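# A closer look at the structure
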Amino acid sequence: MNAIELTPEHPVAQLSDLAVEAEKQDFDAVFASHHYNNRDQFMALAEMANRTDEVLLGPGIANPYETHPVTLASRVGTLSEMSGGRAVFGVGPGDKSTIRNLGFDHDDALRRVLETVKVAERLWDGERVDHDGTFEAVDAGLNYEVGEIPTYVGAQGPHMTRMAAKHADGALYNGAHPRDLAWARERAEEMADERVPDTEFDLAAYASVSVAEDGDAAREAARPPVAFVASGSPPPVLERHGIDRDVAADVGDAISAGEFERAFGLVTDPMLDAFCITGTPEDVADRVEALREHADSVVFASPLGPDIEEAIGLLGAATDRSPDA
């Protein structure tokens, strides 16, 4: 799978135009990211469904804290209906630096995500569900038919990665560096004998990328998304790349305080190197080839580039478009 992420910091009409362009460039899927302070991802996805014909569509990711998991399952089911069966459910614990503004933390994150996946699958199968775990549901059900929808778990740490490999169709692994994807592949292979679905596990590198003919401009445009990635990265990931944990914490504190320019200014060169693929189309193609030594799929995530529409075209031309990519 070759896919892109679109961020609803842009108007929905613009996002749907970009989704149309992604389909023209033969991308397989378009994911819409979520932060409460951006536009609603499901409204954006609905408009994309109306404007496209073949590309898969889904949240990348939705979190099961601020929206009840049963409601999330219904929203994805509705997206599947609107798109003619093209929905993908990307679900994860969410971005720490923004959901804590709403009073949520990541306690029991693995359990909550796993329970969300399992309950959603039962609801889509037409079951009525009683559930008492990290959330409650009493005789909950959907009054319309849904059917099967692929589930992808947003992961970065070892436990969530192994859980995804055991229970989900794939993982949207938050990583842009071959070192991280090699590590993620090892964690996934640890669960090969315990895998529950009968589908082949899809390890997708959910990789921040910034591409432009001007490599320096591409690198500068990467600062905002790298700030969010760095601030939410667990200590083992920071240590793997030699990134100061205190500096990463300062970035997260600035984001939570709404001091975005300060947060972006705190981003260091090691953060940029670790958490984003930046440069010219040739640079990006080389880095993507290295990622594919370990990943089955690649999702090109925000910012894409200084000029998003141009970046989609550059990515479409620069990446491997073979059927097995």
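As a starting point, this report considers the structure included with it. Source: prediction; values computed, not measured. (Residues numbered from 1 in each chain as written. Predicted model: local features only at pLDDT ≥ 70, side-chain atom pairs only at ≥ 80, totals over all residues. Heavy atoms only, no water.)

## A closer look at the packing of helix H9 (residues 223-232) against helix H11 (residues 245-256)
At a minimum axis separation of 8 Å, H9 and H11 run at an interaxial angle of 115°. In the crossing of H9 with H11, the sense of the turn from one axis to the other is left-handed. Along the contact surface, H9 presents Ala227, Phe228, Ala230 and Ser231, while H11 presents Ala248, Val251, Gly252 and Ile255. Counted by class, the contact of H9 with H11 contains six nonpolar, two polar and no charged residues. (Axes fitted to C-alpha atoms, helices over the stretch in contact; angles between N-to-C directions. Helix = DSSP H or I, 4+ residues; strand = E, 2+ residues; numbered from the N terminus. Left-handed = near helix turned anticlockwise from the far one by under 90°. Contact = heavy atoms within 4.5 Å. Nonpolar A, V, L, I, M, F, W, Y, C, P; charged D, E, K, R; others polar.)

## A few points about H11
Its 12 residues give H11 an end-to-end C-alpha distance of 17 Å, which sits within 8% of 16 Å, the value for a rise of 1.5 Å per residue. All of the buried residues along H11 are Ala248, Val251, Gly252, Ala254, Ile255 and Ser256. Taken together, the buried residues of H11 touch helix H4 (96-99), H9, helix H10 (235-240), helix H12 (260-265) and helix H13 (269-275). N-cap assignment for H11: the residue whose side-chain oxygen lies 2.7 Å from the backbone N of Asp246 is Asp244. Where H11 ends, the next residue or the one after it, Gly258, has phi of about 75°, a positive value. (Expected span 1.5 Å × (residues − 1). Buried < 20%, exposed > 50% of the residue type's maximum accessible area, 1.4 Å probe, protein only. Polar contact = N/O pair within 3.5 Å; in protein donor to acceptor, adjacent residues only side chain to side chain.)

## So, the packing of aromatic side chains
Following the criterion strictly, the structure yields seven aromatic pairs and no others. Their ring planes at 70° and their centres at 6.2 Å tell us that Phe31 and Tyr206 sit as a pair that is edge-to-face. Of this pair, Phe31 sits in strand S2 (residues 29-32) while Tyr206 sits in strand S9 (residues 202-211), and the two are 175 residues apart along the sequence. Residue classification places Phe31 among the buried positions, given a relative accessible area of 0%. The exposure class of Tyr206 is buried, given its relative accessible area of 9%. Among the aromatic side chains, those forming a connected cluster through ring pairs are Phe228, Phe260 and Phe264. Here the basic side chain of Arg240 rests over the ring of Trp183, its NZ or CZ set 4.5 Å away from the ring centre. (Phe/Tyr/Trp six-rings, centres within 6.5 Å; stacked < 30°, edge-to-face > 60°. Lys NZ or Arg CZ within 6 Å of the ring centre and 35° of its normal.)

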